[in-house]
Amino acid sequence: MALATTRLAIPTDGSDEASDISALIARLTAEVNQIACEKTRSIQSITNQMKMLALNALIESSRAGAQGAGFAVVAQEVRNVGQQVETIARELETQLTARTGSLMASITQMTERARGERMVDLALNAVELIDRNLYERTCDVRWWATDSAVVDCAAAPNDITVAHVSQRLAVILGAYTVYLDLWLCDLDGRVLATGRGDRYDVRGQSVASTEWFREALRLRSGDDYTAGNVDRQPLLGNAQIATYCASVREGGKANGRAIGVLAIHFDWETQARAIVEGVRVDDDKTRVLLVDKDFRVIAASDGQGLLTEKIALAANGRRSGFQHDRAGTLVAFHATPGYETYRGLGWYGVILRSA
């Protein structure tokens, strides 16, 4: 069953609207601040002219002697009024600048918080989508491990049972296109049968040293499963895969004796890319990532750093949040919530927006 490319809906919590309103208020506040500063400077210019006129009047009145004494009083009063107006204009500019500056800083913080919260929601959507998809993989592997052809071959591997189960696995792969291959292994780790023997030369190979096989041997019942880390599989053309395993039990019963291991290899790169590329973000500066429990990049909307890059995510015990790193990049994250019986693997959805 193919995973369709999904365009994630933008959260309807009003964060976009709040961000737009905040931007509008910030612009208007900046304009008010600019106008206020320009007008107070105009007032200061006019008062300077008044003071110059008053000074000139004082000089002329002194030249006029006793006849200009009365005019000198008026000129001095005009000068005093000009000084008072200049003082008021300066105080007005200082107070307006301080208050509008504080308002603009608050609006910037509100805008950043709204953007950060929206990015956290998008990070949750990304990891939640992959969780739901991988939950289906855990159901598939436990179901197919009880298939009669799988059980019969694990119980008595021979040319007839191997041919039968190989045909059966090929039919499954024809319907479930999200898998690269399905392997039936014995308890020694030898691959007994595959669904794509014509494409991958895997039959007879040993997988006993792989972590996912060793974990599968420790499963207690047919109701349990194990999920391997995303990695490259040399036997499948070095493709990026996520392997899920269940034990094959005698008689197909959950509490039966373990007689084999069924491993299904999820086509990780193709399916995960559809999810991270489907997240709608603001611009090309933004990366959408899925990272594992060690913060290793396992999916990226820009296709960079796959399985090699590590994100310096300072979660500090938080399951979600956002922060700025030293370069000013806004980093939003959300831990895997799991889905139904799938508890998740400690992965995170991460959104990075460059400064």
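Cut-offs applied
- Residues numbered from 1 in each chain as written.
- Predicted model: local features only at pLDDT ≥ 70, side-chain atom pairs only at ≥ 80, totals over all residues.
- Heavy atoms only, no water.
- Salt bridge = Lys/Arg side-chain N within 4 Å of Asp/Glu carboxyl O.
- Buried < 20%, exposed > 50% of the residue type's maximum accessible area, 1.4 Å probe, protein only.
- Helix = DSSP H or I, 4+ residues; strand = E, 2+ residues; numbered from the N terminus.
- Expected span 1.5 Å × (residues − 1).
- Arc of directions from axis to C-beta.
- Polar contact = N/O pair within 3.5 Å; in protein donor to acceptor, adjacent residues only side chain to side chain.
- Axes fitted to C-alpha atoms, helices over the stretch in contact; angles between N-to-C directions.
- Parallel < 35°, antiparallel > 145°, perpendicular 65-115°, else oblique.
- Left-handed = near helix turned anticlockwise from the far one by under 90°.
- Contact = heavy atoms within 4.5 Å.
- Pairing = 2+ DSSP bridges.

Trainee: Can you help me understand the pattern of salt bridges in this one?
Mentor: Opposite charge on two side chains permits pairing when their charged atoms draw close. Applying the stated criterion to the full structure yields 10 salt bridges. A salt bridge links E136 to R137, with the nearest nitrogen and oxygen atoms 3.5 Å apart. The class for E136 is partly exposed, based on a relative accessible area of 36%. Each member of the salt-bridge network shares a partner with another, and the members are E136, R137 and D140.

Trainee: Looking at this structure, how should I read helix α4 (residues 159-175)?
Mentor: Every α-helix carries 3.6 residues per turn, so stepping three or four residues along brings you back to the same face. Taking 1.5 Å as the rise per residue, α4 with 17 residues should run 24 Å; its terminal C-alpha atoms sit 25 Å apart, in good agreement. Every buried residue of α4 is accounted for by T161, V162, V165, L169, I172 and L173. One side of α4 holds all its buried residues, which, seen down the axis, span an arc of 105°. Turned more than 90 degrees off the buried face of α4, the exposed positions are D159, I160, Q167 and G174. For α4, the N-terminal capping position is held by N158, with its side-chain oxygen 3.0 Å away from the main-chain nitrogen of I160.

Trainee: Quick question: what am I supposed to make of the packing of helix α3 (residues 148-155) against α4 here?
Mentor: For any two helices packed against each other, one specifies the inter-axial angle together with the distance between the axes. For the pair α3 and α4, the least separation of the axes is 9 Å and the interaxial angle reads 150°. Relative to α4, α3 is oriented roughly antiparallel. At the point where α3 passes α4, the crossing takes the left-handed sense. Every residue of α4 that contacts α3 at A149, V150, D152 and C153 is listed here: T161, V162, H164, V165, R168 and L169.

Trainee: Mind showing me how you'd approach the sheet that holds strand β8 (residues 297-300) here?
Mentor: As a general point, the strands of a sheet are linked pairwise by backbone hydrogen bonds and lie either parallel or antiparallel. One open sheet holds the five strands; their spatial order is β8-β7-β11-β10-β9, and the pairing between them is antiparallel. Of all strands in the sheet, those bounded by a partner on one side alone are β8 and β9 (320-324). Across the sheet, the mean angle from the axis of one strand to that of its neighbour is 20°, orientation sign disregarded. As paired strands, strand β7 (residues 286-291) and β8 are joined by three bridges and run antiparallel to one another. Within the sheet, the bridge partner assigned to L290 lies in β8 and is A299.

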